[in-house]
Amino acid sequence: MPNPDLDPIDRRIVAELQANGRLTNVELADKIGLSPSPCLRRVKRLERSGYIEGYRAALRRDRIGLGFSVFLGVKIEGHANESALQFEKAIVAMPEIVACHLVSGEADYFLEVVVPDLADYQRFLVGKLLNLPIVREVRSNIAIQTLKAGAPLPLQHLEPPKPQKLPQKVKPGRPERRNRQS
């Protein structure tokens, strides 16, 4: 559900910052049509309110030697207990895991793991993940090629719905004209 606190200017700010987080305040203000002071106030408000979590450089994994990505479906023993909380804390602390989702379906958690190569993945899997006593089953899916990752979040749902044009009624007594191509 769209959040009513984001007006059209706020939506433009977050869209521009997703596209380029290195914009200066002056550049951002120019792009959205505000003067720098109100623009900065809005950005600070969006940060304080938690809409903007932070800013970081997006690194190319292959260029820094992390060209091996694996997606893991993990099943655990029990869910609503201290062991499950300990599992979540352990997962969050592992730097190889760049994303973790609690999911419904065949797995309980879906993890994205990034390591240099298959040998490092084996060390991670056997030496870390499978050492957690609550882990019951792990299914690995190795990424062959990444077509899209780290994309900006879609914001179209925040736009108010556009009014629908009603079809024009045919006036009585006049036949409807149709364009026919032969």
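Now for a look at the structure at hand. Keep in mind the model is a prediction, meaning the values are calculated, not measured.

Cut-off values and rules
- Residues numbered from 1 in each chain as written.
- Predicted model: local features only at pLDDT ≥ 70, side-chain atom pairs only at ≥ 80, totals over all residues.
- Heavy atoms only, no water.
- Helix = DSSP H or I, 4+ residues; strand = E, 2+ residues; numbered from the N terminus.
- Buried < 20%, exposed > 50% of the residue type's maximum accessible area, 1.4 Å probe, protein only.
- Contact = heavy atoms within 4.5 Å.
- Polar contact = N/O pair within 3.5 Å; in protein donor to acceptor, adjacent residues only side chain to side chain.
- Salt bridge = Lys/Arg side-chain N within 4 Å of Asp/Glu carboxyl O.
- Pairing = 2+ DSSP bridges.
- Axes fitted to C-alpha atoms, helices over the stretch in contact; angles between N-to-C directions.
- Parallel < 35°, antiparallel > 145°, perpendicular 65-115°, else oblique.
- Nonpolar A, V, L, I, M, F, W, Y, C, P; charged D, E, K, R; others polar.
- Core = buried A, V, L, I, M, F, W, Y, C linked by side-chain atoms within 4.5 Å.
- Arc of directions from axis to C-beta.

### Concerning the overall build of the chain
Across its full length, the chain holds five helices and four strands. A total of 182 residues make up the chain; the buried ones form 25% of that total. Within the chain, residue pairs in contact and separated by at least 24 positions form 64% of the contacts whose partners lie at least 6 positions apart.

### Overview of the side chain of R42
Within the fold, R42 resides in helix α3 (residues 36-48). Since its relative accessible area comes to 18%, R42 is described here as buried. At 3.0 Å, the side chain of R42 forms a polar contact with the side chain of D7. One polar contact links R42 to D10, side chain to side chain, over a distance of 2.8 Å. Among all residues touching R42, those that are not within four sequence positions of it are D7, I9, D10, I13 and L34.

### Some details on the pattern of salt bridges
With the rule as written, the count across this model stands at 10 salt bridges. With its nearest N and O atoms 2.9 Å apart, the salt bridge here joins R45 to D10. Here the residue R45 occupies a position in helix α3, and D10 occupies one in helix α1 (residues 8-19), the gap between them amounting to 35 residues. Across the salt bridge formed by E47 and K44, the nearest N and O atoms sit 3.7 Å from each other. Of this pair, E47 and K44 both sit in helix α3, three residues apart, roughly one helical turn. When salt bridges that share partners are traced, they join D7, D10, R42 and R45 into one network.

### As for the sheet that holds strand β3 (residues 109-115)
Read across the sheet, four strands follow the order β2-β3-β1-β4 without closing on themselves; strand pairing throughout is antiparallel. In this open sheet, the two edge strands, each paired with only one partner strand, are β2 (97-102) and β4 (135-142). Adjacent strand axes in the sheet meet at a mean angle of 20° when their direction is disregarded.

### Description of the packing of α1 against α3
What describes two packed helices is the angle between their axes and the distance between those same axes. Interhelical geometry of α1 versus α3 gives an angle of 80° and a closest axis separation of 11 Å. Judged by the angle between their axes, α1 and α3 are roughly perpendicular. Contacts between α1 and α3 involve I9, D10, I13, V14 and L17 on the former and, on the latter, R42, V43, R45 and L46. Its residues placed into classes, the contact of α1 with α3 shows six nonpolar, no polar and three charged.

### So, the nonpolar core
Ranked by size, the top nonpolar core spans 22 residues in total, and within it L72, V74, F87, Y121 and L129 carry the most contacts. Counting only elements with at least two residues in this core, the list comes to β1 (68-76), α4 (82-93), β3 and α5 (118-127). Ranked by residues supplied to this core, first place goes to β1 with five residues. Apart from residues lying up to four places away in sequence, V74 is in contact with F87, A107, D108, Y109, L111, L129, V135, E137 and V138.

### Remarks on α5
Residues that lie three or four places apart on an α-helix share one face, since the helix turns once every 3.6 residues. Of the positions making up α5, those classed as buried are Y121, F124 and L125. Projection of α5 onto a plane perpendicular to its axis shows the buried side chains occupying an angular sector of 95°, all on one side. Of the residues in α5, the exposed ones pointing more than 90 degrees away from the buried face are Q122 and R123. Its buried side turned inward, α5 meets β1, β2, β3 and β4. Of the residues flanking the start of α5, the one acting as N-cap is D117, its side-chain oxygen 3.2 Å from the backbone nitrogen of A119.

### Some words on the environment of I76
Position of I76 among the secondary structure elements: in strand β1. Residues I76 and E137 lie 61 residues apart in sequence; the distance between their C-alpha atoms is 6.9 Å.

Such coordinate-based values are descriptive only and should not be taken to indicate function.
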